[in-house]
Amino acid sequence: LNNLLSETPPEGYKVARVMSNTKKVRFLYEWDNVSLDAQKIFTQDLIKKGVLQRAVFSGSKSIHHIIELWSNREPQNKEEYRFMHKFIAQQLGLTEYDGQCIDSSRLTRSNNVYRKDKGKWQELIYYSNENRFKCDNWYEYYLAEKKNKNNDTTTKLFRIIDSIKNLNKGAD
């Protein structure tokens, strides 16, 4: 079985599940704190938007949603991957998902696997090899956000320097 997010061999094989081994860019979204009925509504909405590639019921309390990126530029590192994960969620109105899903090496549930601990089968709810999240301009948003963060940091530094100068003036 391969990791559905990175298509790397599972634990126990010699190839590690890390960002550098990722061949296709897929994103996992899962909600543990939302009812299954609400998650089913999320699933239907993602299908209607044409972006959901796969949905697997965990056999317990969540549905694992996998969205694949279709872009002329793929994330090149962990920072870009995490930005893209959040960007897709924002664009699709996905909120309160499990924050651990942002890791590209995280394994997702596979269908037709029996969970002894739950006494249930994990099952494939939806699959489409054609649905993708299409976005060629995400990198522009990434650069703009990065620039804004740098500007915010610079502004904070100038405020600190001004505060220090004012303190020194008062000491004279």
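Model, not experiment: these values are computed from the prediction. (Residues numbered from 1 in each chain as written. Predicted model: local features only at pLDDT ≥ 70, side-chain atom pairs only at ≥ 80, totals over all residues. Heavy atoms only, no water.)

Some remarks on the overall build of the protein
Right, on to step 1. Looking only at helices and strands, one finds three helices and six strands in the protein.
Right, on to step 2. N-terminal to C-terminal, the α/β element order of the protein is β-α-β-β-α-β-β-β-α.
Right, on to step 3. By the burial criterion, 36% of the 172 residues in the protein qualify as buried.
Right, on to step 4. Residue pairs in contact within the protein that sit at least 24 positions apart in sequence constitute 67% of those at least 6 positions apart. (Helix = DSSP H or I, 4+ residues; strand = E, 2+ residues; numbered from the N terminus. Buried < 20%, exposed > 50% of the residue type's maximum accessible area, 1.4 Å probe, protein only. Contact = heavy atoms within 4.5 Å.)

Notes on helix 1 (residues 36-48)
An α-helical turn contains 3.6 residues, so a residue and the one three or four places further along point in the same direction.
Right, on to step 1. For helix 1, spanning 13 residues, the distance from its first C-alpha to its last is 18 Å, which sits close to the expected 18 Å at 1.5 Å a residue.
Right, on to step 2. All of the buried residues in helix 1 are Gln39, Thr43 and Leu46. Down the axis of helix 1, the buried set is contained in an arc of 70°. They therefore lie on one face. Of the exposed residues in helix 1, those oriented more than 90 degrees away from the buried face are Asp37, Ile41 and Lys48.
Right, on to step 3. Looking at the buried positions of helix 1, the neighbouring elements they touch are strand 2 (52-57), strand 3 (63-70) and helix 2 (78-92).
Right, on to step 4. Gly50 sits one or two positions beyond helix 1 and adopts a positive phi of about 75°. (Expected span 1.5 Å × (residues − 1). Arc of directions from axis to C-beta.)

Quick look at the side chain of Asn131
Right, on to step 1. Structurally, Asn131 is set in the loop between strand 5 (120-127) and strand 6 (133-134).
Right, on to step 2. Among the polar contacts made by the side chain of Asn131, one reaches the side chain of Tyr126 at a distance of 3.0 Å. (Polar contact = N/O pair within 3.5 Å; in protein donor to acceptor, adjacent residues only side chain to side chain.)

Things to note about the confidence of the model for the protein
Right, on to step 1. On average, residues of the protein score 78 in pLDDT, and 73% of them are at 70 or above.
Right, on to step 2. For the protein, helix 3 (residues 138-171) is the element with the lowest average pLDDT, namely 73, and helix 1 is the one with the highest, namely 93.
Right, on to step 3. In the model, residues 13-17 has pLDDT below 50 throughout and makes eleven contacts with residues more than four positions away in sequence or in other chains. (pLDDT = per-residue confidence, 0-100.)

Considerations on the packing of aromatic side chains
Right, on to step 1. Evaluation of the coordinates by the stated rule reveals eleven aromatic pairs.
Right, on to step 2. Pairing Phe83 with Phe87 gives two aromatic rings, centres 5.8 Å apart and planes at 20°, and the pair type is stacked. With a gap of four residues between them, Phe83 and Phe87 both fall in helix 2, about one helical turn apart.
Right, on to step 3. With a relative accessible area of 5%, Phe87 lands in the buried category.
Right, on to step 4. Consider the rings of Phe87 and Tyr141, whose centres lie 5.1 Å apart with planes at 35°: the pair is tilted. With Phe87 in helix 2 and Tyr141 in helix 3, this pair connects stretches of sequence that are 54 residues apart.
Right, on to step 5. For Tyr141, a relative accessible area of 43% puts it in the partly exposed group.
Right, on to step 6. The rings of Phe83, Phe87, Trp138, Tyr139, Tyr141 and Tyr142 are connected pair by pair, giving a single aromatic cluster. (Phe/Tyr/Trp six-rings, centres within 6.5 Å; stacked < 30°, edge-to-face > 60°.)

Notes on the nonpolar core
Right, on to step 1. Tyr29, Ile67 and Phe133 are the most contacted members of the largest nonpolar core, which has 26 residues in total.
Right, on to step 2. Of all the elements, helix 2 adds the most residues to this core, at seven residues.
Right, on to step 3. Look past the residues within four positions of Tyr29 in its chain and what remains in contact with it is Ile63, His64, His65, Ile67, Met84, His85, Ile88, Ala89, Leu94, Tyr97 and Cys101. (Core = buried A, V, L, I, M, F, W, Y, C linked by side-chain atoms within 4.5 Å.)

Section: the pairing of strand 3
Right, on to step 1. In terms of burial, strand 3 is largely enclosed, as seven of its eight residues are buried.
Right, on to step 2. Examined bridge by bridge, strand 1 (residues 26-29) and strand 3 share four bridges and lie antiparallel to one another. The residue of strand 3 that forms the bridge with Tyr29 is His65.
Right, on to step 3. Of the pairings in the sheet, the one linking strand 2 to strand 3 comprises five bridges and is antiparallel in character. Pairing of Phe57 across the sheet is with Ile63, part of strand 3.
Right, on to step 4. Hairpin remark: strand 2 followed by strand 3, antiparallel, with five residues in the connecting loop; positive phi at Gly59, about 90°.
Right, on to step 5. Pairing geometry for strand 3 and strand 6, over two bridges, is parallel. (Pairing = 2+ DSSP bridges.)

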